[in-house]
Amino acid sequence: MAATGTGVALTGDYALLHSGLNALIDVYERQLPLLCIVLANNRMGMTGGHPVPDILRYIAWADPVVCSADDTAALRRVLVPPPGPRTVVIEGTCPEAGHHETLEY
């Protein structure tokens, strides 16, 4: 839907493995202009925080750009809608329960 609508998709690492990989393959096969942003925190939210396999080994064929969540300069460069498909993996960790940080943009 994002490829034919907004042109931007946001997903977690496990959600992509669980239910989004087929759609991402289709986007690349059809060369649709989609910016796929994968938030890689290595945790399965839907199962209580179990570890996730390394997402990069499953999407290496997409030649993803990998950035750290705290590298704002790199994020500004790569989070731009492309003329074709682009996958950006943003690596970071979730705050511990009860601990909230303020993000500044």
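An unreviewed UniProt entry lists the chain under the name Indolepyruvate ferredoxin oxidoreductase alpha and beta subunits-like protein, from Methanoculleus bourgensis.

Let's shift gears to the sheet that holds strand β2 (residues 35-40). Hydrogen bonds between backbone groups are what pair the strands of a sheet, and the pairing can be parallel or antiparallel. As summarised here, the arrangement of the 4 strands in space is β1-β2-β6-β5, forming an open sheet in which the pairing is parallel. What marks the edges here is a single partner per strand, and that holds for β1 (8-12) and β5 (65-68). Strand after strand, the sheet turns through a mean of 20 degrees between neighbouring axes, direction not considered. In this sheet, strand β6 (residues 86-91) lies alongside β2 in parallel orientation, the contact comprising 6 bridges. Bridge assignment links Ile37 to a residue of β6, and that residue is Val88. Relative to β1, helix α1 (residues 13-30) is tilted by about 150 degrees, and along the sheet it contacts β1, β2 and β6.

Okay, the pairing of β6 next. When β5 meets β6, the two strands line up parallel, connected through 4 bridges. Its bridge partner lying in β6, Cys67 is registered against Ile90. Handedness of the crossover joining β5 and β6 through helix α3 (residues 72-78): right-handed.

All told, the structure shown has 1 salt bridge when counted by the stated rule. The salt bridge partner of Asp26 is Arg30, with a shortest N-O separation of 3.0 Å. With Asp26 and Arg30 both in helix α1, this residue pair falls 4 residues apart, about one helical turn. What makes Asp26 partly exposed here is its relative accessible area of 34%.

Let us look at the environment of Tyr58. Take Tyr58: it is sitting in helix α2 (residues 56-59). With relative accessibility at 31%, the residue Tyr58 sits in the partly exposed group. A C-alpha to C-alpha distance of 8.7 Å links Tyr58 and Leu21, two positions 37 residues apart in sequence. Beyond its immediate chain neighbours, meaning those up to four positions away, Tyr58 contacts Leu17, Leu21 and Pro53. Reaching out from Tyr58, the side chain makes a polar contact with the side chain of Arg57 at a distance of 2.6 Å.

What follows concerns α1. The terminal C-alpha atoms of α1, which comprises 18 residues, lie only 22 Å apart, well short of the 26 Å expected from a rise of 1.5 Å per residue. At Gly20, α1 shows its largest bend, some 80 degrees. Restricting attention to buried positions, one finds in α1 the residues Asp13, Leu16, Gly20, Leu21, Leu24, Val27 and Tyr28. The inward-facing, buried residues of α1 contact β1, β2, β3 (43-44), α2 and β6. Following α1 by one or two positions, Gln31 adopts a phi angle in the positive range, close to 55 degrees.

Calculation criteria
- Residues numbered from 1 in each chain as written.
- Predicted model: local features only at pLDDT ≥ 70, side-chain atom pairs only at ≥ 80, totals over all residues.
- Heavy atoms only, no water.
- Pairing = 2+ DSSP bridges.
- Helix = DSSP H or I, 4+ residues; strand = E, 2+ residues; numbered from the N terminus.
- Axes fitted to C-alpha atoms, helices over the stretch in contact; angles between N-to-C directions.
- Contact = heavy atoms within 4.5 Å.
- Right-handed = clockwise from strand over helix to strand, strands pointing away.
- Salt bridge = Lys/Arg side-chain N within 4 Å of Asp/Glu carboxyl O.
- Buried < 20%, exposed > 50% of the residue type's maximum accessible area, 1.4 Å probe, protein only.
- Polar contact = N/O pair within 3.5 Å; in protein donor to acceptor, adjacent residues only side chain to side chain.
- Expected span 1.5 Å × (residues − 1).
- Bend = angle between axes of the 7 residues up to and from the residue.

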